Amino acid sequence: MSLRTDWLWRERRDWAGSDGACSLHVSDDCATLELIHLSIHPSIFSLMHLLACLPGLLENGCDGRAAGMQVQEAWRERYVMLDEVLEHNRRFVAEHQLAPLSHLPRRRTAVVTCMDCRLVGLLEQALGLERGDVVELRTAGATVALPGREGEGVNSDVIRSLAGAIYLLGVREVLVIGHTNCGLAHVDPAALTGSMQALGVEPQGLIERYGLGDQAGLVRWLGAFSQLEENVREVVRFIRNSPFLPKLPVHGLVIDVVSGRLELVDRDTRPGLAG
Ligand SMILES: [Zn+2]
C-alpha cells in the first residue's frame, strides 16, 4: 500500500501554507517502509517528522520500529551530502593541479550578495569574474539585519569582513548585489515560526528573551525585507556610512536569477571617493 503522510502537516496549523509533504511506501506485510517522495528541503527535521508519522502508520497496522529503521536507511542513502562531497573531492584532487594564487583580490573589489543557491556559479559568470578576482561576502538576502546595523556596524560581520578586505587585502570598491525572487523577501511570519517549532526551537521564548516584540520583530531579526531595491540601497547606505570603513565607491545592483541580467540600482557618485 502507499500512504501519504501529509496529514501530519494538515494537522499542524503552524505548517499551514508550507508545501511539506512526503509519501511512504509500506510493504504488504508492513515489515518495510520506503521513502518515495519528500517535497520539503531534506534535513534532519524532516527525518524527525517522518518518524513522527509512525503513529499513523501503526494505526494502519505497520510495525513502527521496523518502519522507522527503514526510513532512516532511506534517508542515509539519499540525503547524506558529506560522503558525496568527500568522494568527489578525492577524485578532484587526484585529477587537478591548481596554480597558486595570491590571497589579494586582483580586481580589488568586494561583492556583497545573497547566499541563494542559484547565484552559485551564475554570479561569477554573469559578472565576468575569475577565481582570485574579488572577495565575496554572502548573507541571507544580501542584507545586514537589525542587530548588525546597530553601533554603526561594530557588531556587523559584513562591516568586519569589509574592513578586513579593505585594510588587509587591498579592496577599493564594493558592489552590493541583491537578486530577484529572493527568499528573504516577503517572509511569512507563520511559516518562519512554524519551521522553527518543527525543528524544536520555540520562537515565542526567543521573542520575549531578546525583546523582539512579536513575530514581525523576529522576521526583522532575520533580515527579511519587502522591497528588493530599497534593501540594496539601505545596505549601500549602511556600508558608506560606517565609520569603520574609508570613503570608497559602494554601488548597489540587482541581478536576475533567471537571466543573469544586472540592473544598476545605485551608482556611487559621491565626490572625493578613494579608489
Ligand atoms: Zn536571496
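Residues numbered from 1 in each chain as written. Predicted model: local features only at pLDDT ≥ 70, side-chain atom pairs only at ≥ 80, totals over all residues.

Visitor: What is the right way to look at the overall build of the protein chain in this model?
Guide: Along its length, the protein chain carries twelve helices and eight strands. Expressed as a percentage of its 275 residues, the buried residues of the protein chain come to 28%. Long-range pairs, those at least 24 residues apart, make up 70% of the contacts in the protein chain with a sequence separation of at least 6. (Helix = DSSP H or I, 4+ residues; strand = E, 2+ residues; numbered from the N terminus. Buried ≥ 20, exposed ≤ 12 C-beta atoms within 10 Å, placed from the backbone. Contact = placed C-beta atoms within 7 Å.)

Visitor: Explain unusual backbone geometry to me, please; I cannot follow it from the model alone.
Guide: Across residues other than glycine, the phi torsion is negative in most instances, and most of the peptide bonds are trans. Positive phi, normally seen in glycine, also occurs at Arg 108, with a value near 50 degrees. Residue placement: Arg 108 occurs in the loop between α5 (81-95) and β4 (109-114). Even without a glycine there, the phi angle at Ala 142 is positive, about 50 degrees. Assessed through the 31 C-beta atoms surrounding it within 10 Å, Ala 142 is described here as buried.

Visitor: It is not clear to me how the confidence of the model for the protein chain should be interpreted in this structure. Could you clarify?
Guide: Chain-level statistics for the protein chain give a pLDDT mean of 81 and a share of 71% at 70 or above. The model gives residues 38-45 a pLDDT under 50, and that stretch makes twelve contacts with residues more than four places away or in other chains. (pLDDT = per-residue confidence, 0-100.)

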